[in-house]
Amino acid sequence: MKKERIDIEYPLSSHQIDIVWQLISTDHGLGRWLADEVAEDNGIISFTWGQPWSDHHTQEAYIVERSKNSHIRFKWVDEDDPEAYWEMKIGKSELTGDICLSIVDYAPKDEVGDLRALWDDNMERLHMTSGL
């Protein structure tokens, strides 16, 4: 099924790209805000939401591309759309010059609003856990 591309940009309060990079590119960093448990094994990252001993959901993603202090791109292992991926990219806002985190993701047309809301919630967790 063909999915719709979503582009979202979030301003960050940090001026240290290295810190942002650690939070988006390592299992430890991602585990602080994106999922309850994150583990990397040979370029495949397992994301678990919920507690392993109770109701939980796990998804795996390949790391398609990783460029230090720039961006990381993932593709879900069970993704049906050959063009779909999700990416987090560190950049500078054209308006303010501040560091921002740009997200690219894909969703079926009827789920675009839900995916945007999910990323908003994820970014709120990032701000709360790291102060960014």
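In the block above lies the structure referred to throughout.
Criteria and thresholds
- Residues numbered from 1 in each chain as written.
- Predicted model: local features only at pLDDT ≥ 70, side-chain atom pairs only at ≥ 80, totals over all residues.
- Heavy atoms only, no water.
- Buried < 20%, exposed > 50% of the residue type's maximum accessible area, 1.4 Å probe, protein only.
- Helix = DSSP H or I, 4+ residues; strand = E, 2+ residues; numbered from the N terminus.
- Pairing = 2+ DSSP bridges.
- Axes fitted to C-alpha atoms, helices over the stretch in contact; angles between N-to-C directions.
- Contact = heavy atoms within 4.5 Å.
- Salt bridge = Lys/Arg side-chain N within 4 Å of Asp/Glu carboxyl O.

Caption draft 1: Summary view of the pairing of strand β7 (residues 99-107). Counting buried residues in β7 gives 8 out of 9 residues, a clear majority hidden from the surface. Bridge count for strand β1 (residues 4-11) against β7 is 8 bridges, and the pairing is antiparallel. Looking at the pairing, Y10 lines up with L101 of β7. Where strand β6 (residues 86-92) meets β7, 6 bridges bridge the pair, whose relative direction is antiparallel. Among the inter-strand pairings, K89 is bridged to a residue of β7, identified as S102. Hairpin connection between β6 and β7: a loop of 6 residues separates the two successive antiparallel strands, and G97 in this loop has a positive phi of roughly 80°.

Caption draft 2: A look at the sheet that holds strand β3 (residues 44-50). The 7 strands are arranged β1-β7-β6-β5-β4-β3-β2 in an open sheet whose pairing can be described as antiparallel. In this open sheet, the two strands that pair with only one neighbour each are β1 and β2 (37-41). The average undirected angle you get between the axes of adjacent strands in this sheet is 25°. Here helix α3 (residues 112-130) sits on the sheet and contacts β1, β6 and β7; the angle it forms with β1, its principal contact strand, is near 25°.

Caption draft 3: A look at the pattern of salt bridges. In total, this model carries 6 salt bridges according to the counting rule given. Residue K2 pairs with E83 through a salt bridge whose shortest N-O separation is 3.0 Å. Placement of the pair is K2 in the segment before β1 and E83 in the loop between β5 (71-76) and β6, with a sequence separation of 81 residues. With respect to class, K2 is no different from E83; both count as exposed. A salt bridge links R125 to D36; the shortest N-O distance between them is 4.0 Å. Note that R125 is positioned in helix α3 and D36 in the loop between α2 (27-31) and β2, a separation of 89 residues in sequence. Judged by relative accessible area, D36 falls into the partly exposed class, the value being 41%.

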